[in-house]
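# Tertiary structure, described
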Amino acid sequence: AAALERLRKRRGGGVIGVNVGANKDAADRAADYVAGITTFADVASYFTVNVSSPNTPGLRDLQAPAALDDLVGRVLAERDRIASEHRTRRPVLVKLAPDLAEDDLAPIIDVLVRRG
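Our subject in this report is the structure included herewith. Residue numbers run consecutively from 1 along every chain, following the written order of its sequence. Per-residue local features are limited, in this predicted model, to residues with pLDDT of at least 70; the limit for side-chain atom pairs, both in listing and counting, is 80 or more; totals at the level of whole chains, interfaces and linings are taken over all residues. Neither water nor hydrogens contribute to the side-chain values; these are computed over all heavy atoms in the structure.

Quick look at the sheet that holds strand S2 (residues 46-50) now. Two strands form a pair only when DSSP identifies at least two bridges running between them. Helix and strand definitions follow DSSP, with helices as H or I runs of at least four residues and strands as E runs of at least two, each counted in order from the N terminus. Taken together, the 3 strands give an open sheet; going across it, the order is S1-S2-S3, and neighbouring strands pair in parallel fashion. Two strands lie at the open edges of the sheet, namely strand S1 (17-20) and strand S3 (92-95), each paired on one side alone. Strand-to-strand twist across the sheet, computed as the mean angle between neighbouring axes with direction ignored, equals 25°. Pairing of S1 with S2, which is carried by 4 bridges, proceeds in the parallel orientation. Its bridge partner lying in S2, Gly17 is registered against Tyr46. Whether two residues are in contact is decided by their heavy atoms, any of which lying within 4.5 Å being enough. Orientation is described by axes fitted as lines to C-alpha atoms, over the contacting stretch for helices, and by angles from 0 to 180 degrees between their N-to-C directions. Here helix H2 (residues 29-40) sits on the sheet and contacts S1 and S2; the angle it forms with S2, its principal contact strand, is near 165°.

With that out of the way, let us pick up helix H3 (residues 65-86). An α-helix turns once per 3.6 residues; consequently, residues spaced three or four apart project the same way. Expected span, for any helix, means 1.5 Å times one less than how many residues it has. Taking 1.5 Å of rise per residue, 22 residues should cover 32 Å, and H3 covers 31 Å from first to last C-alpha, within 8% of that figure. Along H3, the residues classified as buried are Leu68, Asp69, Leu71, Val72, Gly73, Val75, Leu76, Glu78, Arg79, Ile82 and Ala83. Taken together, the buried residues of H3 touch H2, S2, S3 and helix H4 (102-115). Looking one or two residues past H3, Arg87 carries a phi angle of roughly 60°, positive in sign. Accessible area is worked out with a 1.4 Å probe on protein chains only. A residue is then buried under 20% of its type maximum, exposed over 50%, and partly exposed in between.

In the cavity and pocket records, a cavity denotes points on a 1 Å grid over the protein atoms alone where a 1.4 Å probe fits but cannot get out, a pocket denotes an open set with protein on both sides within 12 Å along at least 5 of 7 lines, and lining residues are residues with an atom within 4 Å of a point. Grid points are joined across faces, edges and corners, and a volume is the space filled by probe spheres set on the points. What the rule picks out here adds up to 1 cavity of 30 Å³ or more. In this structure, the largest cavity encloses a volume near 40 Å³. If you go around the largest cavity, the residues you meet are Ile37, Ala41, Phe47, Arg79, Ile82, Ala83, Thr88 and Arg90. Sorting elements by how many residues they give to the lining of the largest cavity places H3 first, with 3 residues. Partitioned by chemical class, the residues of the lining of the largest cavity number 5 nonpolar, 1 polar and 2 charged. Here the term charged refers only to Asp, Glu, Lys and Arg, the term nonpolar to Ala, Val, Leu, Ile, Met, Phe, Trp, Tyr, Cys and Pro, and the term polar to all other amino acids, Gly among them.

With respect to the helices and strands, Phe40 occurs in helix H2. Spatially, the C-alpha atom of Phe40 lies 9.9 Å from that of Ala1, the residues being 39 residues apart in sequence. The contacts of Phe40, once residues within four sequence positions are left out, are Ala3, Leu4, Leu7, Val18 and Phe47.

With respect to the element layout, Gly17 can be found in strand S1. Separated by 73 residues in sequence, Gly17 and Arg90 place their C-alpha atoms 10.0 Å apart.

Below you can see the structure in the form of structure tokens.
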């Protein structure tokens, strides 16, 4: 809430990227990402879906292709729902862990390319 208020009061131009993630105790982690998109839609220039934070136990499990597909699908659906109301479609980036095994990249990239 404090960050949102600061961003709303911000003056001047520039690009504002909002990094969204999940709370460590969330029962539905994807819902936390969707809530971040909803909350910051009017102040963000783009969103980063962070699935690589080492400080949130189990968060990297969202990089598994099926989990990532569900997460990105839900985030994009919310982004597009908001865009239909506000006529502004914000880009969504996905931040992956830098230490992924090379063999794990292809299925992850397939999900991201398919989701656009």
